[in-house]
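Okay, here's what each chain looks like letter by letter:
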Amino acid sequence: MFRALTHKFHHGDIGLLQQLRVWYIHARGKAVHLWAMQMPSSNVFVLERVAKASIPSSLEEASDLTSVTNLLWLLKLGIDQTIDTITKFSSSHHSYIEDEALGDIDNDKKREDLRKTIAAKVQKPTRGAGYGDLLPDSFTRTPSFSDGGND
């Protein structure tokens, strides 16, 4: 998604690109994990597990539905913020292109081409390196989405 956005809006504001979070849900065993990926700088990606919820499999575990609901609510808030960030990123690209066409961009305010911020080939982890089955502990705090989710 980061590569697609940088190719489509290659003159967008890099600050907005760095605020962007891509959301993933990962089901494993009887648990669901909510992950967010961010790109704080060129070719550096941070994957953070935001929440974990146990899936109830019997009536005795019905109280686990609260954690599933909370996880889904965090996902909804995160997606809303991601859509807002993408909209602002797109607008920043289009306004820059218009200003450039009108000659309103000074040399010191020229933006770099964001297509160069993500490597063409992504390095993948080595299989069997001994860390594939490890999952981090979830945060005990609830992430805030009012400031970009960076608590």
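Look up a bit, the structure's there.
Residues numbered from 1 in each chain as written. Predicted model: local features only at pLDDT ≥ 70, side-chain atom pairs only at ≥ 80, totals over all residues. Heavy atoms only, no water.

Peer 1: Could you give me a rundown of unusual backbone geometry, with the residues and numbers involved?
Peer 2: A positive phi angle, close to 60 degrees, is found at N43, a residue other than glycine. Along the chain, N43 falls in the loop between β2 (31–41) and β3 (44–54). Taking the relative accessible area as the measure of exposure, N43 reaches 39% and is therefore partly exposed. (Helix = DSSP H or I, 4+ residues; strand = E, 2+ residues; numbered from the N terminus. Buried < 20%, exposed > 50% of the residue type's maximum accessible area, 1.4 Å probe, protein only.)

Peer 1: Could you give an account of the packing of aromatic side chains, with specific residues and numbers?
Peer 2: The full count for this structure, using the stated rule, is 2 aromatic pairs. Seen in terms of ring centroids, F9 and F89 are 6.1 Å apart; in terms of plane orientation they differ by 90 degrees. Their pairing is edge-to-face. With F9 in the loop between α1 (2–8) and α2 (14–19) and F89 in helix α3 (residues 65–102), this residue pair connects regions lying 80 residues apart in the sequence. Both residues of the pair, F9 and F89, belong to the buried class. (Phe/Tyr/Trp six-rings, centres within 6.5 Å; stacked < 30°, edge-to-face > 60°.)

Peer 1: Requested: an account of the pairing of strand β1 (residues 21–28), with residues and values cited.
Peer 2: With 8 bridges connecting them, β1 and β2 associate as antiparallel partners. Each bridged residue has a counterpart across the sheet, and for R21 the counterpart in β2 is Q38. Taking the residues between adjacent antiparallel strands as the criterion, β1 and β2 are bridged by 2 residues, where G29 takes a positive phi near 65 degrees. (Pairing = 2+ DSSP bridges.)

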